[in-house]
Amino acid sequence: MPNKNKSFLPGAGLEHSIELLREAPKVQENLPDGIPNFGIGELETLELLAPHVFGRAARLDDSQALAHMDPPTPWITWATTLWNARLNQNLLHPATAPFAIEAEKKVMDWLVPFYGMNEGHMCSGSTIANLTALWAARDTKGIEKVVASNAAHISIEKAAKILGLPYEQVATNAKGQIDPNKIGDISNACLVLTAGTTATGVIDLLSLAGQAKWTHVDAAWAGPLRLSQTHAQLLDGIDKADSVAVSAHKWLFQPKDSALIMLRDVDVANSAISFGGGYLATPNVGVQGSRGASAIPLLATLIAWGKEGIADRIDHSMSMASVLATELSKEDNISLWAMPETGVTVFRPLTMSTEAFSQRLPDGMFSHCVLDGEKWVRSVAANPLADIDKIILAVQEAVRR
Ligand SMILES: *Cc1c(COP(=O)(O)O)cnc(C)c1O
């Protein structure tokens with residue numbers, strides 16, 4: 001029987017895990033069938049798994065990676081996430097997590113004014129944040145339906161379904177925004193506006209905020225633009241919403257699972273989405289029960305980089321998207337869907353299929369989306385470490401070849 005304390009507390013094993021992280025080995029041995037009856041020990045397990053974990057995962061910080069809303073994460077979030085795993089605090093139980101609760105409050109207090117909101121909490125993703133918002137809308141305002149554009153994220157339809165609310169999809173206009181002329185009666189509805197649609201990054205007309213019984217802005221992707229001097233005005237009008245969702249594990253460079261649900265009227269909303277319970281010292285607010293201290297890596301990033309540091313990285317991503325789109329627009333054989341509004345560039349080749357074109361490009365450079373039944377190439381500028389000149393060259397070679 002191995003020493004049981006040793007299996008909880010590392011000797012040199014933790015340093016070795018960091019060495020493996022730096023080396024990112026790729027040569028893989030087959031994993032054993034099933035799970036062994038008697039464990040092989042921690043060090044051997046790290047050696048066995050490292051090549052699989054590092055070798056079979058996309059490198060989101062690669063200079064050619066400009067594909068997904070998942071960003072590379074700064075190393076300070078690796079360090080603080082390790083601290084979190086070591087402590088395993090639970091935000092559900094203040095006694096286990098006094099500092100983590102304070103960290104979350106600090107992060108939320110700093111972020112909410114950018115959106116005109118008053119309070120909020122963190123959760124595992126905008127899927128949960130959107131569900132939380134629609135739940136608050138239903139139980140405080142008695143909304144009777146959920147209205148969003150057909151470019152809204154699937155989590156909105158999911159939330160409507162979970163909450164037992166009818167879901168109304170509104171057609172988009174030529175720009176890909178919810179078409180204001182096609183929105184029916186929303187006096188008893190929750191209107192969901194998207195700030196940065198998942199497929200094309202388009203922002204709905206935020207001047208519509210405040211016109212329904214409840215307005216929720218799904219800013220999962222583009223919300224962090226609010227921190228940028230240069231781009232904040234793209235989200236003007238968001239402060240008229242009743243609730244806002246942002247995924248910090250997208251453009252705030254956080255590891256999963258990190259998102260924010262922000263609310264205008266905290267007392268009203270929290271009364272609807274907060275539950276006491278015999279064993280809980282304080283009420284459980286929101287959808288999740290136990291949840292980790294994802295505020296700590298976020299707080300660490302905000303302190304280490306500052307507002308300007310975050311904004312610089314976002315601005316740089318935005319300019320990469322702009323340069324990419326400008327170059328694409330000069331190519332005769334490429335159709336650019338539109339100039340990117342929030343770092344998402346969508347285009348397709350005219351002389352070959354999107355599939356054939358994509359096969360000429362390195363894996364992980366771009367992703368795809370389907371618009372009006374056509375497959376398009378999609379680039380998301382979430383990786384500030386991308387080499388945009390190299391990427392443009394690769395596209396030019398692929399399309400001219
Ligand atoms: C990514 C995304 C979501 C879902 O967020 P998760 O953090 O993945 O749960 C919701 N809405 C939009 C617009 C998104 O881009």
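Since the structure is predicted, the reported quantities are computational estimates derived from the model, not experimental observations.

Rules used in this analysis
Residues numbered from 1 in each chain as written. Predicted model: local features only at pLDDT ≥ 70, side-chain atom pairs only at ≥ 80, totals over all residues. Heavy atoms only, no water. Helix = DSSP H or I, 4+ residues; strand = E, 2+ residues; numbered from the N terminus. Core = buried A, V, L, I, M, F, W, Y, C linked by side-chain atoms within 4.5 Å. Buried < 20%, exposed > 50% of the residue type's maximum accessible area, 1.4 Å probe, protein only. Domains from an automatic or database assignment. Contact = heavy atoms within 4.5 Å. Near = heavy atom within 4 Å. Polar contact = N/O pair within 3.5 Å; in protein donor to acceptor, adjacent residues only side chain to side chain. Pairing = 2+ DSSP bridges. Axes fitted to C-alpha atoms, helices over the stretch in contact; angles between N-to-C directions. Expected span 1.5 Å × (residues − 1). Arc of directions from axis to C-beta. Salt bridge = Lys/Arg side-chain N within 4 Å of Asp/Glu carboxyl O.

(A) Highlighting the environment of Thr81. Locating Thr81 in the fold gives a position in helix α4 (residues 75–87). C-alpha of Thr81 to C-alpha of Thr354: the two residues are 273 residues apart in sequence and 39 Å apart in space.

(B) Structural detail: the nonpolar core. One finds Leu191, Val217, Val244, Met262 and Leu298 to be the most contacted residues of the largest nonpolar core, which totals 59 residues. The element contributing the most residues to this core is helix α10 (residues 295–329), with eight residues. Built from parts of two domains, this core gets at least three residues from each of domain 2 (76–303) and domain 3 (306–400). If near-sequence neighbours (up to four positions away) are discounted, Met262 is found in contact with Met108, Val112, Tyr115, Met117, Glu119, Gly120, Asp242, Ser243, Val244 and Val246. By size, the runner-up hydrophobic cluster in this structure holds 28 residues, among which are Trp135, Ala160, Leu165 and Trp214.

(C) Summary view of the site of the ligand. Surrounding the ligand, one finds 15 residues, the nearest of these being Thr127, Asp218, Ser247, His249 and Lys250. The side chain of Thr198 places a nitrogen or oxygen atom 3.0 Å from an oxygen atom of the ligand. Ser247 has a polar side-chain atom sitting 2.7 Å from an oxygen atom of the ligand. Those elements that place two or more of their residues in the shell around the ligand are α6 (126–141) and α8 (248–251).

(D) Structural view of the domain arrangement of the chain. Taken domain by domain, the chain comprises domain 1 (4–57), domain 2 (76–303) and domain 3 (306–400). A C-alpha centroid distance of 37 Å is found between domain 1 and domain 3.

(E) Broad picture of the sheet that holds strand β5 (residues 214–218). The seven strands lie next to each other as β1-β7-β6-β5-β4-β2-β3, forming an open sheet whose pairing is mixed. Strands with a single pairing partner mark the edges of an open sheet, and in this sheet they are β1 (119–123) and β3 (167–170). The mean angle between the axes of side-by-side strands here comes to 20°, regardless of whether they run parallel or antiparallel. Alignment of strand β4 (residues 189–194) against β5, held across five bridges, turns out to be parallel. For Val192, the partnering residue across the bridge sits in β5 and is His216. On the sheet, α6 packs against β1, β2 (145–149), β4, β5, β6 (243–247) and β7 (259–263) and is oriented at approximately 175° with respect to β5.

(F) Just the environment of Leu91, in detail. Relative to the assigned elements, Leu91 resides in the loop between α4 and α5 (98–111). For the pair Leu91 and Met122, spaced 31 residues apart in sequence, the C-alpha separation works out to 9.8 Å. Beyond its immediate sequence surroundings of up to four residues, Leu91 is in contact with Ala97, Ala100, Ile101, Glu104, Arg291, Gly292 and Ala293.

(G) Molecular detail of α5. Compared with the 20 Å implied by 1.5 Å per residue over 14 residues, the 20 Å span of α5 between its first and last C-alpha is a close match. The complete set of buried residues in α5 reads Ala100, Ala103, Glu104, Val107, Met108 and Leu111. In an axial view of α5, the angular spread of the buried residues amounts to 125°, which keeps them on one side of the axis. Residues Pro98, Glu102, Lys105 and Lys106 are exposed on α5 and point more than 90 degrees away from its buried face.

(H) Here's a closer look at the side chain of Gln254. By the secondary structure assignment, Gln254 is in the loop between α8 and β7. In this structure Gln254 comes out as buried when scored by relative accessible area, which is 1%. Within the structure, Gln254 has its side chain in polar contact with the backbone oxygen of Leu252 (distance 3.1 Å). Only 3.0 Å separates the side chain of Gln254 from the backbone nitrogen of Leu298, close enough to count as a polar contact. What Gln254 contacts, discounting residues up to four positions off in sequence, is Pro71, Thr73, Thr77, Ala248, His249, Pro297, Leu298 and Thr301.

(I) Focus on the pattern of salt bridges. Tallied over the full model, the rule gives twelve salt bridges. One salt bridge connects Glu374 with Arg348, and the closest N-O pair in it is separated by 3.7 Å. Note that Glu374 is positioned in strand β13 (residues 374–380) and Arg348 in strand β11 (residues 344–349), a separation of 26 residues in sequence. A relative accessible area of 36% places Glu374 in the partly exposed class.

(J) Seen up close, the pairing of β11. Most of β11 is tucked away, with five of its six residues classed as buried. Sheet analysis places strand β10 (residues 334–336) next to β11, joined by three bridges and oriented antiparallel. Across the sheet, the residue bridging to Ser335 is Arg348, located in β11. Both β11 and β13 contribute to a ladder of four bridges, which runs antiparallel. Bridge pairing in β13 places Val346 opposite Arg378.

(K) Seen up close, unusual backbone geometry. The peptide bond linking Lys256 to Asp257 adopts the cis configuration, its omega dihedral lying at 0°. Mapping Asp257 onto the fold places it in the loop between α8 and β7. At Ala24, a residue that is not glycine, the phi angle is positive and equals roughly 45°. Positionally, Ala24 belongs in the loop between α2 (13–23) and α3 (42–55).

(L) Focus on the sheet that holds β10. If you walk across this open sheet you meet the four strands as β10-β11-β13-β12, and the pairing is antiparallel. Either end of the sheet is taken by a strand with one partner, and the two such strands are β10 and β12 (367–371). Put simply, the sheet's adjacent strands are angled 40° from each other on average, direction ignored. α10 contacts β10, β11 and β13 of the sheet and is inclined by roughly 20° relative to β11.

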